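Commentary on secondary and tertiary structure
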Amino acid sequence: MTKHRIFTTSVASVYPHYVTKAEKKERTKSEVDEIIRWLTGYTQEELEEQLEKKTDFETFFAEAPNMNPSRELIKGVICGVRVEDIEEPTMREIRYLDKLVDELAKGKKMEKILRK
(Lines give C-alpha, C1' and ligand atoms only; values in the text may rest on other atoms or scores of the structure.)
Protein backbone atom coordinates (compact mmCIF):
# COMPACT_ATOMS: atom_id res chain seq x y z
CA MET A 1 0.00 0.00 0.00
CA THR A 2 1.45 3.39 -0.95
CA LYS A 3 1.73 6.11 1.65
CA HIS A 4 -0.51 9.11 1.50
CA ARG A 5 1.20 12.12 -0.06
CA ILE A 6 0.88 14.18 3.14
CA PHE A 7 3.33 11.85 4.94
CA THR A 8 6.18 12.99 2.70
CA THR A 9 5.07 16.63 2.60
CA SER A 10 7.20 18.97 4.68
CA VAL A 11 5.56 20.51 7.72
CA ALA A 12 7.21 23.79 6.66
CA SER A 13 5.18 23.81 3.43
CA VAL A 14 1.86 23.50 5.29
CA TYR A 15 2.75 25.61 8.35
CA PRO A 16 2.20 28.99 6.59
CA HIS A 17 -1.33 27.83 5.73
CA TYR A 18 -2.01 27.08 9.41
CA VAL A 19 -0.75 30.55 10.34
CA THR A 20 -2.73 32.26 7.57
CA LYS A 21 -5.90 30.43 8.57
CA ALA A 22 -5.45 31.57 12.17
CA GLU A 23 -4.53 35.16 11.29
CA LYS A 24 -7.59 35.54 9.03
CA LYS A 25 -9.64 34.97 12.17
CA GLU A 26 -7.67 37.42 14.35
CA ARG A 27 -5.54 34.69 15.95
CA THR A 28 -1.73 34.60 15.99
CA LYS A 29 1.28 32.63 14.79
CA SER A 30 2.32 32.22 18.43
CA GLU A 31 -1.02 30.52 19.18
CA VAL A 32 -0.44 28.12 16.26
CA ASP A 33 3.04 27.41 17.66
CA GLU A 34 1.60 26.86 21.14
CA ILE A 35 -0.85 24.29 19.72
CA ILE A 36 1.94 22.45 17.90
CA ARG A 37 4.16 22.48 21.01
CA TRP A 38 1.26 21.22 23.17
CA LEU A 39 0.52 18.39 20.73
CA THR A 40 4.09 17.24 20.07
CA GLY A 41 6.24 18.27 23.02
CA TYR A 42 8.68 20.18 20.80
CA THR A 43 10.17 23.34 22.30
CA GLN A 44 9.87 26.52 20.25
CA GLU A 45 13.50 26.13 19.17
CA GLU A 46 12.99 22.49 18.17
CA LEU A 47 9.84 23.41 16.24
CA GLU A 48 11.69 26.14 14.34
CA GLU A 49 14.53 23.69 13.63
CA GLN A 50 12.06 21.12 12.21
CA LEU A 51 10.56 23.81 9.98
CA GLU A 52 14.02 24.94 8.83
CA LYS A 53 15.03 21.36 8.01
CA LYS A 54 11.77 20.94 6.06
CA THR A 55 11.02 17.75 7.99
CA ASP A 56 8.19 15.69 6.50
CA PHE A 57 5.04 15.00 8.54
CA GLU A 58 5.85 11.34 9.11
CA THR A 59 9.28 12.14 10.58
CA PHE A 60 7.94 15.19 12.44
CA PHE A 61 5.49 13.07 14.40
CA ALA A 62 7.77 10.03 14.71
CA GLU A 63 10.48 12.20 16.31
CA ALA A 64 8.12 14.28 18.45
CA PRO A 65 9.62 14.38 21.94
CA ASN A 66 6.40 13.95 23.92
CA MET A 67 3.06 13.46 22.21
CA ASN A 68 0.43 14.85 24.56
CA PRO A 69 -1.75 12.05 25.97
CA SER A 70 -4.70 14.49 26.11
CA ARG A 71 -4.71 14.60 22.30
CA GLU A 72 -6.98 11.57 22.43
CA LEU A 73 -9.69 13.91 23.78
CA ILE A 74 -9.77 15.60 20.36
CA LYS A 75 -13.02 14.60 18.67
CA GLY A 76 -14.91 15.78 15.65
CA VAL A 77 -14.84 15.87 11.89
CA ILE A 78 -12.01 17.15 9.72
CA CYS A 79 -12.08 16.80 5.94
CA GLY A 80 -15.30 14.82 6.27
CA VAL A 81 -13.75 12.15 8.51
CA ARG A 82 -14.19 11.65 12.26
CA VAL A 83 -10.73 12.15 13.79
CA GLU A 84 -11.30 9.49 16.43
CA ASP A 85 -12.10 6.90 13.72
CA ILE A 86 -8.81 7.29 11.81
CA GLU A 87 -6.88 4.06 12.29
CA GLU A 88 -3.53 4.95 10.67
CA PRO A 89 -1.53 6.49 13.56
CA THR A 90 0.42 9.12 11.60
CA MET A 91 -2.66 10.26 9.70
CA ARG A 92 -4.54 10.56 12.99
CA GLU A 93 -1.76 12.79 14.41
CA ILE A 94 -1.86 15.00 11.31
CA ARG A 95 -5.64 15.30 11.58
CA TYR A 96 -5.38 16.11 15.31
CA LEU A 97 -3.19 19.05 14.34
CA ASP A 98 -5.61 20.09 11.58
CA LYS A 99 -8.52 19.92 14.03
CA LEU A 100 -6.70 22.03 16.63
CA VAL A 101 -5.88 24.73 14.06
CA ASP A 102 -9.53 24.62 12.91
CA GLU A 103 -10.70 25.16 16.48
CA LEU A 104 -8.31 28.10 16.83
CA ALA A 105 -9.62 29.65 13.61
CA LYS A 106 -13.20 29.17 14.81
CA GLY A 107 -12.46 31.31 17.85
CA LYS A 108 -12.31 28.68 20.57
CA LYS A 109 -10.46 29.70 23.73
CA MET A 110 -6.95 28.29 24.07
CA GLU A 111 -7.76 26.42 27.30
CA LYS A 112 -10.53 24.53 25.48
CA ILE A 113 -8.33 23.86 22.44
CA LEU A 114 -5.57 22.53 24.71
CA ARG A 115 -8.08 20.36 26.59
CA LYS A 116 -7.43 21.96 29.99
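Please refer to the structure higher up on the page.
Being a predicted model, the structure only gives us computed values, none of them experimental.

Overview of the pattern of salt bridges
Under the definition given, this model contains 8 salt bridges. K21 is the partner of D102 in a salt bridge, and the nearest nitrogen-oxygen pair spans 2.2 Å. Of this pair, D102 sits in helix α5 (residues 89-105) while K21 sits in helix α1 (residues 11-24), and the two are 81 residues apart along the sequence. The class of D102 is buried, set by a relative accessible area of 12%. Accessibility expressed as a relative area gives 37% for K21, which makes it partly exposed. Taking the shortest distance from any N to any O, the salt bridge between E103 and K108 comes out at 3.8 Å. Put simply, E103, K108 and R115 are held in one network by salt bridges that share partners.

Overview of helix α3 (residues 44-52)
Every α-helical turn comprises 3.6 residues, leaving residues that sit three or four positions apart pointing alike. Here α3 has its buried residues at Q44, L47, Q50 and L51. Angularly, the buried residues of α3 cover 125° about the axis, an arc narrow enough to put them on a single face. The exposed set on the far side of α3, more than 90 degrees from its buried face, consists of E45 and E52. Close packing links the buried residues of α3 with α1, α2 (29-40) and α4 (57-62). Downstream of α3 by one or two residues, K54 has phi in the positive range, about 55°.

Conventions we followed
Residues numbered from 1 in each chain as written. Predicted model: local features only at pLDDT ≥ 70, side-chain atom pairs only at ≥ 80, totals over all residues. Heavy atoms only, no water. Salt bridge = Lys/Arg side-chain N within 4 Å of Asp/Glu carboxyl O. Helix = DSSP H or I, 4+ residues; strand = E, 2+ residues; numbered from the N terminus. Buried < 20%, exposed > 50% of the residue type's maximum accessible area, 1.4 Å probe, protein only. Arc of directions from axis to C-beta. Contact = heavy atoms within 4.5 Å.

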